[in-house]
Amino acid sequence: MAAQGEAGQVNTAARRGALTLPLAIAAFLAAALAWMGLEQFVNALTLGAIYALIALGYTMVYGIIELINFAHGDVFMVSTFVTMFVSSTLLGQKSAIQDLPLLGASLLITFALTIAFMAVVGAVIERFAYRPLRRAPKLAPLITAIGVSFILQNIIQYLVGPYGYNVPQLFPNTWAVDLEGVRVPLLNIFIIAVSVSLMIALQLFISRTRTGRAMRTTSMDRDASAIMGVNIDRTIMVTFLIGSGLAGAAGVIHGLYYGNTNFQVGYQAGLKSFTAAVLGGIGNTAGAALGGFLIAFIEVAAVVLGFSRWGGAVVFSLLVVFLVFRPTGLLGSHTGDRA
Amino acid sequence: MSALRRPLARLRLPAPLAAYFARHRSLAIVAAIAAIGVALPLLSLVPPFGLLQSTNAWTNAFTIAAIYAMLAIGLNVVVGFAGLLDLGYAAFFALGGYAYAVVASPLFGLDVPFWPMLIAGAVIAAIFGVLLGAPTLRLRGDYLAIVTLGFGEIVPITLLNADRFTGGVIGIGGIDRPALPGLGVFSIIDPWPYYVLVLSMLAIVVVVVKRLEESRVGRAWEAIREDELAAESSGINTVVSKLQAFAVGAAIAGFAGVFNAAKLTIVSPQQFGFVVSVSTLSAVVLGGMGNVVGVGIGAFVIYLVQSIFLKQLNILFDQIQLPIISGIDFLQFQYVLYGVVLVLMMLKRPQGIYPARRRMRTFSDAAPAAKGAKR
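Conventions used here
Residues numbered from 1 in each chain as written. Chains lettered and ligands numbered in written order. Predicted model: local features only at pLDDT ≥ 70, side-chain atom pairs only at ≥ 80, totals over all residues. Helix = DSSP H or I, 4+ residues; strand = E, 2+ residues; numbered from the N terminus. Buried ≥ 20, exposed ≤ 12 C-beta atoms within 10 Å, placed from the backbone. Contact = placed C-beta atoms within 7 Å. Rg over C-alpha atoms; globule rule 2.2 N^0.38 Å. Axes fitted to C-alpha atoms, helices over the stretch in contact; angles between N-to-C directions. Parallel < 35°, antiparallel > 145°, perpendicular 65-115°, else oblique. Left-handed = near helix turned anticlockwise from the far one by under 90°. Nonpolar A, V, L, I, M, F, W, Y, C, P; charged D, E, K, R; others polar. Expected span 1.5 Å × (residues − 1). Pairing = 2+ DSSP bridges. Core = buried A, V, L, I, M, F, W, Y, C linked by C-beta atoms within 7 Å. pLDDT = per-residue confidence, 0-100.

### Notes on the overall build of chain B
What chain B contains, in helices and strands, is 16 helices and two strands. Scored against the burial criterion, the 375 residues of chain B give a buried share of 49%. A sequence separation of at least 24 residues applies to 73% of the contacts in chain B between residues at least 6 apart.

### Concerning the overall build of chain A
Scanning chain A from N- to C-terminus turns up 12 helices and four strands. Rg of the C-alpha trace for chain A: 20 Å, near the compact-globule value of 20 Å for 339 residues, within the 12% margin. Its C-alpha atoms put chain A at 60 × 45 × 40 Å along the principal axes. Classification of the 339 residues of chain A by burial places 53% in the buried group. Put simply, of all contacts in chain A between residues at least 6 apart along the chain, 76% involve residues at least 24 apart.

### Topic: the packing of helix 4 (residues 100-130) of chain A against helix 5 (residues 139-160) of chain A
All names here are of chain A. For the pair helix 4 and helix 5, the least separation of the axes is 11 Å and the interaxial angle reads 130 degrees. Compared by their axis directions, helix 4 and helix 5 come out oblique. In this structure, helix 4 crosses over helix 5, and the sense of that crossing is right-handed. Two secondary-structure elements touch here, helix 4 through Ile125, Ala129 and Tyr130 and helix 5 through Pro141, Thr144 and Val148.

### Focus on the environment of B:Ile188
Relative to the helices and strands, B:Ile188 resides in the loop between strand 1 (172-173) and helix 10 (192-214). Sequence separation between B:Ile188 and B:Ser268 is 80 residues, and the spatial gap between their C-alpha atoms is 19 Å.

### Some points on the environment of A:Glu180
Residue and element names in this part refer to chain A. Structurally, Glu180 can be placed in the loop between strand 2 (176-179) and strand 3 (182-185). You can call Glu180 exposed: it has 6 C-beta atoms within 10 Å. For the pair Glu180 and Gly281, spaced 101 residues apart in sequence, the C-alpha to C-alpha distance is 37 Å.

### A word on the interface of chain A and chain B
Counting residues at the interface gives 36 residues for chain A and 34 residues for chain B. Contributing elements (two or more residues each) for the side of chain A that touches chain B: helix 5, helix 10 (265-280) and helix 12 (311-325) of chain A. It is helix 5 of chain A that contributes the most residues to the side of chain A that touches chain B, 14 residues altogether. Within the side of chain A that touches chain B, the residues separate by chemical class into 25 nonpolar, eight polar and three charged.

### Structural notes on unusual backbone geometry
Residue and element names in this part refer to chain A. A positive phi angle, close to 55 degrees, is found at Glu66, a residue other than glycine. You can see Glu66 is positioned in the loop between helix 2 (20-65) and helix 3 (72-90). With 17 C-beta atoms packed within 10 Å, Glu66 lands in the partly exposed category.

### Quick word on the environment of B:Tyr100
Residues and elements named next belong to chain B. Mapped onto the elements, Tyr100 comes out in helix 6 (residues 90-103). Using a count of 28 C-beta atoms within 10 Å as the deciding quantity, one classes Tyr100 as buried. On a C-alpha basis, the gap between Tyr100 and Val258 in space is 5.7 Å, while along the polypeptide they are 158 residues apart. Leaving out residues up to four positions away in the same chain, Tyr100 has contacts with Met117, Gly121, Ile175, Val258, Ala261 and Ala262.

### Some remarks on helix 14 (residues 274-287) of chain B
Residues and elements named next belong to chain B. Under the 1.5 Å per step criterion, the end-to-end length of helix 14 is 20 Å for 14 residues, consistent within 8% with the ideal 20 Å. Taken across its 14 residues, helix 14 has 13 buried, putting it largely inside the fold. Of the residues flanking the end of helix 14, it is Gly288, one or two places downstream, whose phi is positive at about 115 degrees.

### Details of the pairing of strand 2 of chain A
Residue and element names in this part refer to chain A. When strand 2 meets strand 3, the two strands line up antiparallel, connected through four bridges. Following the sheet pairing, Ala176 is matched in strand 3 by Pro185. Here strand 2 hands over to strand 3 after two residues, with Glu180 in that stretch at a positive phi of 50 degrees.

### Some details on the nonpolar core
Counting residues in hydrophobic clusters, the biggest one holds 227 residues, and the most contacted among them are A:Ala52, A:Leu53 and B:Ala299. Leaving out residues up to four positions away in the same chain, A:Ala52 has contacts with A:Ser195, A:Met199, A:Ala276, A:Ala288, A:Ala289, A:Gly292 and A:Phe293.

### With respect to the confidence of the model for chain B
All names here are of chain B. In this model, chain B carries an average pLDDT of 83, and 89% of its residues clear a pLDDT of 70 or more. Of the regions scoring below 50 in pLDDT, residues 1-5 engages in three contacts with residues more than four places distant in sequence or in other chains. Interface confidence in the predicted complex, given as ipTM, is 0.78; pTM for the same model is 0.84.

### Observations regarding the packing of helix 5 (residues 55-81) of chain B against helix 10 of chain B
When two helices pack together, their arrangement is captured by the angle between the axes and the distance separating the axes. Residues and elements named next belong to chain B. One can describe the packing of helix 5 onto helix 10 by two numbers: an axis separation of 9 Å at closest approach and a directional angle of 15 degrees. Considering their axes alone, helix 5 and helix 10 lie roughly parallel with respect to each other. Considering only the axes of helix 5 and helix 10, their crossing is left-handed. Here Thr59, Phe62, Thr63, Ala66, Ile67, Ala69, Met70, Ile73, Val77 and Phe81 of helix 5 lie close against helix 10, whose contacting residues are Trp192, Tyr194, Tyr195, Val198, Leu199, Met201, Leu202, Val205, Val206, Val209 and Glu213.

### A few points about helix 9 (residues 232-258) of chain A
Taking 1.5 Å of rise per residue, the 27 residues of helix 9 of chain A would be expected to cover 39 Å, and the 38 Å separating its terminal C-alpha atoms lies within 8% of that figure. Positioned one or two residues after helix 9 of chain A, A:Gly259 has a phi angle of 70 degrees, which is positive.

Structure follows, in structure tokens:
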């Protein structure tokens, strides 16, 4: 299969040097495009954008406090409902907006409010569920996170009921461009553009700002950073703010793209995004983005090959295989101690 | 406080009996389970309980609670003894159930008897436990949790899609009920034969697990849980030891799974979702990780609260016709219950309601569970 062969290439490329990695990705994308066709290629990129945004939250939190934030998938799930609430109830928009300025303003407000709200939710969870266990043995916060995940699912189930809901698809899906005879919806291009800009913004934030530097030092050595004057609690909280905010963005995109949601979307999406984070090398933000797209390509490949029902099993088997043979992932460099 | 920590410590048996049971501890376990087995149906006759539902319905509920107790005790071997977090435990439960269902149902027209399959189901689950564990047990703790979670997903997906062997989404129905002369007829009307059988199985599980805990293998598990590096340097083969924990845990789930299939006479992929793994984990956490009796009680409490207490709340508020509260479906809250149990227990009392005797550093650095415990 093309996807797996190329994954091997990316793998060796990561060891050789910085320059070969973009080349390997380009080769992979070209091969995938040639094999699955433009339409499926764009689908995979769009799906990958969602996975990548969620995976970033997993990888950032793991990088800084070594916690698999099990509730993160459900934070994403909550955000799909916040999106629904903001666009249909607050803005009163039930369907696609053809007017460009109005569409722009509505999208901006939806993104801003959802991201802000989810960021706060993430920070609150961190403050009350995880911070008290900061010095506790490792399994304790993980079990807590599972509990938080169940609580989030059931708050939503209680508030809205166990049904599927329609989310207003503000972006008109009739808009499309014609590329060599293939109709590519503008929505997909918009989604990919938004998520890639968010990822670039995140990279810049982490590499260029003081807070970003604090995040990096805290993940390397928390105690040493504290001695050097980094406010650990604040830095960890900012990590949760950003990670949950990105999940919020993914929730808005999910709403725009699929137009529906239910209280269980978080579990599968979360699991696949976590797999993406592991594939890319957990703790590595660029790796999480890469892993998100890779998982999406594998899933779409499963659909193209005609065994979409097995897509989940393929992804999780891949997770097991990857964890066993290369637990550091494609780009991961920091290997934690065993157990 | 000490009475709360060790509720059974106050219980005193007559001296000769106590001395006898001190020498034959496995017999003591069997006797205790038999006593509880007699006491529970009697208790269900007493007013507050007897008014809620019939004794047969209670017995049925106790039977299912005992299945969960076996699951919790099995998971406790993995999580409580060896300190390995297994989030896909329901998969082994499913494997046991399907192993029996495939060979004792109209699907292939086979009628393999129940009793050998009880052992075979346990062995098959154990084999899968080893197959999953062998490559993955070298991983660090939280990665292992995710691998087992993935396994817990793969098994139902496979059961769902391999429909030629598993009946797909409908599952396998019409599974043979057990038969044993002298125990009465196993049927849907009469819960008593199942009740006696499940208690016997529970007794076997508790005796085996208790004896394992006190054996060389059990001490190795504890050593690994407390400090893997130190355990390894003391000459324990940690990989083999962890594999043993995984295999024993899986075997118990398979064992319970065969009974579960024979009791319900139907298995389907939806029965073995992530919720089962989490509710079992909640029982283990609630009861006190590492304590066999505690997690068994935890399972009983969790199951009885969700299946009877919440249901009765519904009926009660329906009857009094309170404006807002009558509209609430309390059964919806069972999953919140798992979440709240997990979060609150970890934050407030990580060692569980009824903690293990030996101090568990893994879960309570700050709170030595039972300071005065003698060993």
